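Okay, here's what each chain looks like letter by letter:
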Amino acid sequence: MTTYTTELLSERHARARSTLRSVGLDALVVSHLPNVRYLTGFESTAGLVLISGDELVLLVDGRYLVAVDQQQAGMARCPGLTVRLVERTYEEALANLISERTGSIGFEAAHMTVATHARLAHAHGSSSPRLVPSEGMIESLRVVKDTAELAVLRDAARRLSDVAEAVLADLGAGRSEQEVARGIEAGLGRMGFAKPAFDTIVASGPGSALPHARAGDRRLAHGDLVVLDFGGVLDGYAVDLTRVASIGDPVSEARQLFDAVLAAHAAAVASVRPGEATVAVDAAARTVLEERGFGKNFVHGTGHGLGLEVHEGPRVGLPRPPLPVPADWVRVPEPERLEAGMVFTIEPGAYVPGFGGVRIEDDVLVTAEGLEILTTVGRDLRVC
Ligand code: ZN
Ligand code: ZN
């Protein structure tokens with residue numbers, strides 16, 4: 001279990017309150033579970049938090065009361081936390097909690113259903129607080145990791161690298177993609193991961209040209225490129241890694257493709273430093289692939305943030321126009337520049353339909369000096 005200390009949780013609450021003040025909210029209803037966990041340390045499949053200038057209330061139902069007590073006893077107590085029991089429904093408990101308050105209360109627009117919103121608005125009538133749609137309030141805090149999170153992510157990335165080593169050593173013609181995927185998932189379990197971070201990808205031969213292929217019944221054959229993309233969740237935190245193998249010696253086109261992606265990966269890594277624009281990291285990788293004739297074969301962004309979710313900020317990709325924000329919403333936009341403490345993937349790829357594909361993915365931490373690559377397994381083309 002993640003050892004969030006009382007000090008770290010206090011710091012998070014202070015940062016959250018300062019964000020709320022900066023956008024003019026008196027309180028925020030937090031319904032996205034990774035955000036609930038971030039603020040309270042409480043790990044659960046249900047629960048809601050209300051945070052205001054001087055309160056932190058966790059709503060949980062009876063199934064979780066014992067879990068809250070145990071988690072609170074097993075780790076530093078969450079400072080200032082009040083736990084309230086949900087007797088009937090979360091909606092009703094939340095409506096009650098809100099109706100006791102005044103002012104502007106934000107909710108997470110991406111994580112509250114239209115139905116719940118309508119019932120809350122109906123429940124507390126016209127004299128009560130204003131419900132304000134919000135985006136990025138807690139996500140913007142999570143994007144820079146604190147010391148407890150970095151300790152878990154470093155450890156997780158090392159363990160994931162060990163899983164990769166074992167799997168690559170064991171690869172060979174004749175095994176099916178699904179068998180290899182099962183081997184990866186068994187390795188994740190052995191290394192202490194609670195679960196895979198997403199469906200394990202083992203894509204071989206022509207299938208390796210599909211960036212989101214899963215693992216099928218195809219058997220690895222001589223001349224295949226094999227893309228292995230997998231991740232694990234440790235103490236709530238996700239790490240993510242991709243390596244490529246060749247079954248037998250690669251043909252020259254495969255070698256060219258691999259070398260181009262490896263050079264793109266190196267260029268992206270070399271560009272990482274605090275203050276750099278996220279789009280510049282993407283551009284560094286993209287330029288190399290364009291120069292080598294694979295620009296149109298790079299069909300996704302260069303990377304994504306890692307943390308309590310396997311895809312979170314910062315987004316490292318092509319520039320995109322800012323999302324329109326309705327006038328009555330409050331929003332903290334995604335970061336456009338790197339900061340020390342951000343953790344994200346660097347995963348350029350190139351995919352040639354009918355032939356095969358290559359993606360090389362590592363997890364990196366932005367440091368004051370530049371970066372630290374958290375995943376340690378060698379990234380050369382493995383010939384098996
Ligand atoms: Zn991945
Ligand atoms: Zn990834």
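Everything below is about the structure shown above.
Nothing here was measured: the structure is a model prediction, and the numbers come from that model. (Residues numbered from 1 in each chain as written. Chains lettered and ligands numbered in written order. Predicted model: local features only at pLDDT ≥ 70, side-chain atom pairs only at ≥ 80, totals over all residues. Heavy atoms only, no water.)

J.: I would appreciate a short explanation of the coordination of the zinc ion (ligand 1) in the present structure.
T.: Ideal donor angles around a metal are set by the shape: a four-donor tetrahedron calls for 109.5 degrees, a six-donor octahedron for 90 or 180 degrees. Taken together, Asp229 (OD), Asp229 (OD), Asp240 (OD) and Glu361 (OE) make up the protein donors of the zinc ion (ligand 1), found 2.0 to 2.7 Å from the metal. Coordination at the zinc ion (ligand 1) comes from four donor atoms whose angles at the metal span 54 to 149°, giving a geometry best classed as irregular. In this model, the zinc ion (ligand 1) sits 3.1 Å from the zinc ion (ligand 2), the two metals being bridged by Asp240. Here Glu361 lies in the loop between strand E16 (356-359) and strand E17 (362-366) and Asp229 lies in strand E9 (residues 225-234), a separation of 132 residues in the sequence. (Donors = N, O, S within 2.8 Å, 3.2 Å for Na, K, Ca; no water. Tetrahedral: all angles 85-135°; square planar, octahedral: opposite > 155°, others 65-115°. Helix = DSSP H or I, 4+ residues; strand = E, 2+ residues; numbered from the N terminus.)

J.: Is there a simple way to think about a nonpolar patch on the surface in this case?
T.: A cluster of nonpolar side chains, contributed by Leu65, Val83 and Leu85, occupies part of the molecular surface with about 200 Å² of accessible area. Looking at the secondary structure, you find Val83 in strand E4 (residues 81-86). (Patch = residues over 30% accessible without salt bridge, like charges linked within 9 Å, V, L, I, M, F, W, Y side chains within 5 Å. Areas by Shrake-Rupley, 256 points an atom, 1.4 Å probe, with all protein chains shown as cover. Salt bridge = Lys/Arg side-chain N within 4 Å of Asp/Glu carboxyl O.)

J.: Just checking my understanding: could you explain the sheet that holds E4 for this structure?
T.: Here we have seven strands laid out as an open sheet, ordered E4-E3-E2-E1-E5-E6-E13, and mixed in their pairing. Only two strands of the sheet have a single partner each, and these edge strands are E4 and strand E13 (330-331). Here four bridges tie strand E1 (residues 27-30) to strand E2 (residues 48-52), and the two strands are oriented antiparallel to one another. Considered in E2, the bridge of Val30 is made with Val49. (Pairing = 2+ DSSP bridges.)

J.: Is there a simple way to explain the nonpolar core in this structure?
T.: Side chains of nonpolar character tend, in soluble globular proteins, to be buried together. If you look at the biggest cluster of nonpolar residues, it comprises 65 residues, and the most contacted ones within it are Ile138, Ile184, Leu228 and Phe230. For this core, the leading source of residues is helix H7 (residues 147-169), giving eleven residues. Grouped together as the second largest cluster of nonpolar side chains are 31 residues, Phe294, Val316, Ile346 and Ala350 included. (Core = buried A, V, L, I, M, F, W, Y, C linked by side-chain atoms within 4.5 Å. Buried < 20%, exposed > 50% of the residue type's maximum accessible area, 1.4 Å probe, protein only.)

J.: Looking at this structure, I do not really get the environment of Ala186. What am I missing?
T.: The residue Ala186 is located in helix H8 (residues 177-190) in this model. Owing to a relative accessible area of 39%, Ala186 belongs among the partly exposed residues under this scheme. Each C-alpha atom of the pair Ala186 and Ala121 lies 48 Å from the other, and the pair is 65 residues apart in sequence.

J.: Just to check I follow, could you spell out the coordination of the zinc ion (ligand 2) for this structure?
T.: Looking at the zinc ion (ligand 2), the protein donor atoms are Asp240 (OD), His304 (NE2), Glu347 (OE) and Glu361 (OE), and they sit 2.1 to 2.2 Å from it. Classification of the site at the zinc ion (ligand 2) rests on its four donor atoms, whose angles at the metal span 79 to 156°, yielding the label irregular. Mapped onto the polypeptide sequence, the residues donating to the zinc ion (ligand 2) form the spacing pattern D-x63-H-x42-E-x13-E.

J.: Got a minute to help me understand H8 in this structure?
T.: In an α-helix there are 3.6 residues to a turn, and that puts residues three or four apart on one side. The end-to-end C-alpha separation of H8 is 20 Å, in line with the 20 Å expected for 14 residues at 1.5 Å each. Within H8, burial applies to Glu177, Val180, Ala181, Ile184, Gly187 and Leu188. Along the axis of H8, the buried residues cluster in a sector spanning 115°; they form a single face. Opposite the packed face of H8, turned more than 90 degrees from it, sit the exposed residues Arg182 and Arg190. Lining the buried residues of H8 we find H7, strand E7 (195-196), strand E8 (201-204) and E9. Among the residues trailing H8, Gly192 stands out with phi positive, at a value near 95°. (Expected span 1.5 Å × (residues − 1). Arc of directions from axis to C-beta. Contact = heavy atoms within 4.5 Å.)

J.: Could you clarify how one ought to interpret the side chain of Thr278 in this entry?
T.: Residue placement: Thr278 occurs in helix H10 (residues 278-291). On the accessibility criterion, Thr278 (5% relative accessible area) is buried. Leave out the neighbours within four places in its chain, and Thr278 touches Pro314, Arg315, Val316, Pro335, Glu336, Arg337 and Leu338.

J.: How do you make sense of the pairing of strand E6 (residues 130-135) when you look at a structure like this?
T.: Pairing of strand E5 (residues 104-108) with E6, which is carried by five bridges, proceeds in the parallel orientation. Bridging across to E6, Phe107 finds its partner in Pro133. Pairing of E6 with E13 involves two bridges; the strand directions are parallel. Within E13, the position partnered with Ser134 by the bridge is Val330.

J.: How should I be thinking about unusual backbone geometry in this particular structure?
T.: As a rule of thumb, non-glycine residues mostly have phi less than zero, and peptide bonds are mostly trans rather than cis. Cis peptide bonds are those with omega within 30 degrees of zero, and the linkage from Gly313 to Pro314 qualifies with 0°. Within the secondary structure layout, Pro314 lies in strand E12 (residues 312-316). Positive phi outside glycine occurs at Asp235, with the angle close to 50°. Along the chain, the position of Asp235 falls in the loop between E9 and strand E10 (237-246).

J.: Honestly, the pairing of strand E3 (residues 56-61) in this entry has me stumped. Any pointers?
T.: Look at any regular strand and the pattern is simple: side chains alternate between the two faces of the sheet. Along E3, six of the six residues are buried, which leaves the element largely enclosed by surrounding structure. Bridge analysis of E2 against E3 gives four bridges, and the strand direction is antiparallel. Note on E3: the bridge partner recorded for Ile51 is Leu56. The antiparallel hairpin formed by E2 and E3 contains three residues in its connecting segment. Pairing of E3 with E4, which is carried by six bridges, proceeds in the parallel orientation. Bridge assignment links Asp61 to a residue of E4, and that residue is Val86.

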